[in-house]
Amino acid sequence: MTGPARRPGRTRTGDTEPVRTLERGLTVLRALGQHGPLTLGDAARHAGLNASTAYRLLHTLQAQGFAQESAGQWRVGVQAFATGQAYLGAGGLIPAARPEMQAVVAELGETVNLAVLQAPDVVYVHQEEGRGLMRMFTQIGARVPLHCTGAGKALLAWQPAEEVSRAVADMSFQAFTPHTLTTPAAYLTELEEVRRTGYALDNEERELGVRCVAVPVLDGGGQTVAALSLSAPSSRLPDARVPELAARLQRASEGIRKALVT
């Protein structure tokens, strides 16, 4: 007698191991992206795996072109880059943002970044570099803690309360400078101020001598999908200029939103 047909998408208990293996493989790939190049031991440590499991996963990633090894050092492979280019494809966030970001740089001369939320960090996905002699540079794909960046505050301020609570609970609140916010209470108070003004500041909280102003980028449904930020040496970003720069970023953010929904 034939048993009942299984519904598409449903799994039995025994089917979860391949998914767990995929999860572990992606964790190893993420470790290479964040910390590489790495030895086998370091890759295992960053991924939270034993060395034999990491070894098998690295060789599987290598066979598919997502990792490569040279002289005992593992790094991200070219296939990871090729796959990542899909994020830059037509109709996505970056094509919508690029013209607006370029226009801001042309007008103000300062570096503009686009970041997305991956709590407890922000991930920088695009940058238009400024023209000044002292230019602010952030590596694309870099992850930076939410608590010490303008982009992080702009990304989190308008998220649902439960998501804010989860993100804050996961934050390390590491002090990078004397200006870094180092307690949940101080950070939550800061988010209230961000919601009040409509923009966020990094007041030399990540790096002394560098300030940043950031605004949220919304999609057609009014959800925050990214943050647009302008970074500059503190001497070029005094308090008196903040409202003007924030207003310019808000106009750019609205342009991005319109491009996303058309």
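Conventions we followed
- Residues numbered from 1 in each chain as written.
- Predicted model: local features only at pLDDT ≥ 70, side-chain atom pairs only at ≥ 80, totals over all residues.
- Heavy atoms only, no water.
- Helix = DSSP H or I, 4+ residues; strand = E, 2+ residues; numbered from the N terminus.
- Buried < 20%, exposed > 50% of the residue type's maximum accessible area, 1.4 Å probe, protein only.
- Contact = heavy atoms within 4.5 Å.
- Areas by Shrake-Rupley, 256 points an atom, 1.4 Å probe, with all protein chains shown as cover.
- Salt bridge = Lys/Arg side-chain N within 4 Å of Asp/Glu carboxyl O.

Colleague: Please explain the overall build of the protein as it appears in this structure.
Modeller: Summing up its helical and strand segments, the protein has nine helices and eight strands in all. Looking at the 262 residues of the protein, the share that counts as buried comes to 40%. A separation of at least 24 residues holds for 56% of the contacts in the protein among residues at least 6 apart in sequence. Accessible area of the protein: about 14100 Å², with a carbon and sulfur share of 53%.

Colleague: What is the right way to look at the pattern of salt bridges in this model?
Modeller: Pairing between side chains becomes possible if they bear opposite charge and their charged atoms approach one another. One pass over the full model with this rule turns up ten salt bridges. Note that Arg143 is salt-bridged to Asp121, the shortest N-O span being 3.2 Å. Of this pair, Arg143 sits in strand β5 (residues 143-145) while Asp121 sits in strand β4 (residues 121-128); the two residues are 22 residues apart in sequence, bridging distant segments of the chain. Using a relative accessible area of 27% as the deciding quantity, one classes Arg143 as partly exposed. The exposure class of Asp121 is buried, given its relative accessible area of 17%. Put simply, Lys153, Glu190 and Glu205 are held in one network by salt bridges that share partners.

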